[in-house]
Amino acid sequence: ESSIWTMVYDEADSNEDLDETIAITTEFMKQTESIKDHCFGIMHTLENLQTEGLWFFNGPDPERLFGVNEDSSWFTWSQLGPEANDYVKKAVVEFMVPTDGKFKGKLIKDTQVLG
């Protein structure tokens, strides 16, 4: 069984600097490295300093990630699906193949991938 989840950084309003915001994502990916065989993730840092991610997990939920990465509590997690309907497919494509370098209308300033 596998699952697909989105994540949004809860504290984006307190981000003041692009480099610091990207550093949050970099650290998140480092802390998650130990379970890269069990997941695939992509995280975008946007021009408004928001961070959003898309994750595929081997299993029904992100509990394994939560166990190795305490920073996961700074994000709101939402499951896509579980059926791969048109909504889920569109959401995945939006993350994986941004249009004109934008995600949800905001310019992507940095993208990091794990997996």
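Please read these numbers as outputs of a predicted model, since none were measured by experiment.

## Observations concerning the overall build of the protein
Counting its secondary structure elements, the protein contains 3 helices and 6 strands. Each helix and strand of the protein, placed in order from N terminus to C terminus, yields the pattern β-α-β-β-α-β-α-β-β. Compactness check: the protein gives a C-alpha radius of gyration of 13 Å against a globular reference of 13 Å for 115 residues, within 12% of the reference. Looking at the protein as a whole, 41% of its 115 residues qualify as buried. A sequence separation of at least 24 residues applies to 72% of the contacts in the protein between residues at least 6 apart. Carbon and sulfur atoms form 48% of the exposed surface of the protein, whose accessible area is close to 6600 Å².

## Quick look at the nonpolar core
Counting residues in hydrophobic clusters, the biggest one holds 15 residues, and the most contacted among them are Phe 28, Trp 55 and Trp 77. Breaking this core down by element, the ones donating at least two residues are strand S1 (2-9), helix H1 (18-32), strand S2 (39-46), strand S3 (51-58) and strand S4 (75-80). Ranked by residues supplied to this core, first place goes to S1 with 3 residues. In this structure Phe 28 touches Met 7, Met 43, Trp 55, Leu 65, Asn 69, Asp 71, Ser 72, Phe 75 and Trp 77, once residues within four positions along its chain are discounted. In this structure, Ile 4, Ile 42, Leu 46 and Phe 103 belong to the second largest nonpolar core, which totals 11 residues.

## Describing the pattern of salt bridges
Tallying each qualifying case throughout the model produces 2 salt bridges. The partner of Glu 33 in a salt bridge is Lys 36, and the shortest N-O contact between them spans 3.1 Å. What makes Lys 36 partly exposed here is its relative accessible area of 39%. One salt bridge in this structure joins Lys 104 and Glu 52, with 3.0 Å as the shortest N-O distance. Of this pair, Lys 104 sits in the loop between strand S5 (102-103) and strand S6 (106-114) while Glu 52 sits in strand S3, and the two are 52 residues apart along the sequence.

Criteria and cut-off values
Residues numbered from 1 in each chain as written. Predicted model: local features only at pLDDT ≥ 70, side-chain atom pairs only at ≥ 80, totals over all residues. Heavy atoms only, no water. Helix = DSSP H or I, 4+ residues; strand = E, 2+ residues; numbered from the N terminus. Rg over C-alpha atoms; globule rule 2.2 N^0.38 Å. Buried < 20%, exposed > 50% of the residue type's maximum accessible area, 1.4 Å probe, protein only. Contact = heavy atoms within 4.5 Å. Areas by Shrake-Rupley, 256 points an atom, 1.4 Å probe, with all protein chains shown as cover. Core = buried A, V, L, I, M, F, W, Y, C linked by side-chain atoms within 4.5 Å. Salt bridge = Lys/Arg side-chain N within 4 Å of Asp/Glu carboxyl O.

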